[in-house]
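Chains, contacts and geometry: an overview
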Amino acid sequence: MFIEVNDTTSLRQIQEVFSDFYPYLKLAFYGKGHKKYQASNEAGEIEPNTLIGEIKATHVSGVIEMLPLYKVADVEKEFQQRFGLSVQVLRKEKKGWEQTTGMDDFTLKELNELGRNSSDEFIMNEDVRDDLEF
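Residues numbered from 1 in each chain as written. Predicted model: local features only at pLDDT ≥ 70, side-chain atom pairs only at ≥ 80, totals over all residues. Heavy atoms only, no water.

**Comments concerning the overall build of the chain**
To keep it simple, the criterion reads: In this text, helices come from DSSP runs of H or I with a minimum length of four residues, and strands from runs of E with a minimum of two, each type numbered from the N-terminal end. Burial status follows relative accessibility: with a 1.4 Å probe on protein chains alone, a residue under 20% of its type maximum counts as buried, one over 50% as exposed, and anything between as partly exposed. Only heavy atoms matter for contacts: two residues are in contact if any of them lie within 4.5 Å across the pair. Where accessible areas are quoted, they stem from the Shrake-Rupley method and a 1.4 Å probe; at the residue level, only the protein chains shown are allowed to cover.
Scanning the chain from terminus to terminus reveals four helices and five strands. Helices and strands appear in the chain in the N-to-C order β-α-β-α-β-α-β-β-α. Burial analysis of the chain (134 residues in total) assigns 37% to the buried set. In the chain, of all internal contacts separated by at least 6 residues, the share reaching a separation of at least 24 is 66%. Per element, the accessible surface of the chain, about 7,900 Å² overall, is 51% carbon and sulfur.

In structure tokens, the structure reads:
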């Protein structure tokens, strides 16, 4: 998967392309970076409709590739190094999204599978509960 990044790209556009390939993962962008295995401050999350050109002092355009075998830490690091964007990969967990702290050495494929399994288990458990109600 390739994502084009330039001043007229919105964070939402990047998120949508990413989520099309990894439906149980999500990218969130923050004003401040984080270290490996650490969470980002949720209060610092940048609104998805923001354009790259509105938040970056240096205007670098390029294409970022994210293959299934790339590790979460490498994806986050590449966004930071190439574009100066602080990003956190989030994983679908039952009804919400969780930051992947402690999972930075997982591949995108592995993490997407964990998210799928968590969501499928929740859906199945919800269906079973519905069947048990009288």
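The structure having been displayed, the exposition proceeds.
**Overview of the nonpolar core**
Nonpolar side chains tend to gather and get buried jointly when the protein is soluble and globular. Threshold: Residue types Ala, Val, Leu, Ile, Met, Phe, Trp, Tyr and Cys, when buried and joined through side-chain atoms within 4.5 Å, form a set referred to as a nonpolar core.
Ranked by internal contacts, the top residues of the largest apolar core, which has 24 residues, are F18, M66 and F79. For this core, the elements supplying multiple residues, two or more each, are β1 (2-5), α1 (11-21), β2 (25-30), α3 (72-83), β4 (86-93) and α4 (108-132). Broken down by element, this core gets its largest block of residues, four residues, from α3. Setting aside residues no more than four positions away along its own chain, F18 makes contact with M1, I3, L25, K26, L27, M66 and L108.

**Some points on the side chain of S10**
Take S10: it is sitting in the loop between β1 and α1. Under the relative-accessibility criterion, S10 is labelled buried at 9%.

**Observations regarding the pattern of salt bridges**
If charged atoms from side chains of opposite charge come close, those side chains can pair. The line we're drawing: A pair is scored as a salt bridge if a Lys or Arg side-chain nitrogen falls within 4 Å of a carboxyl oxygen belonging to Asp or Glu.
Throughout the structure, instances matching the rule amount to four salt bridges. The closest approach of N and O atoms between E78 and R82, which form a salt bridge, is 3.0 Å. With E78 and R82 both in helix α3 and four residues apart, the pair spans about one turn of that helix. By relative accessible area, which is 24% here, E78 ends up partly exposed. Its relative accessible area of 34% is what places R82 among the partly exposed residues. Among the ionic pairs, R91 bridges to E98, the shortest N-O distance being 3.9 Å. Given the relative accessible area of 38%, E98 is considered partly exposed. The structure contains a network of salt bridges with shared partners spanning R91, E93 and E98.

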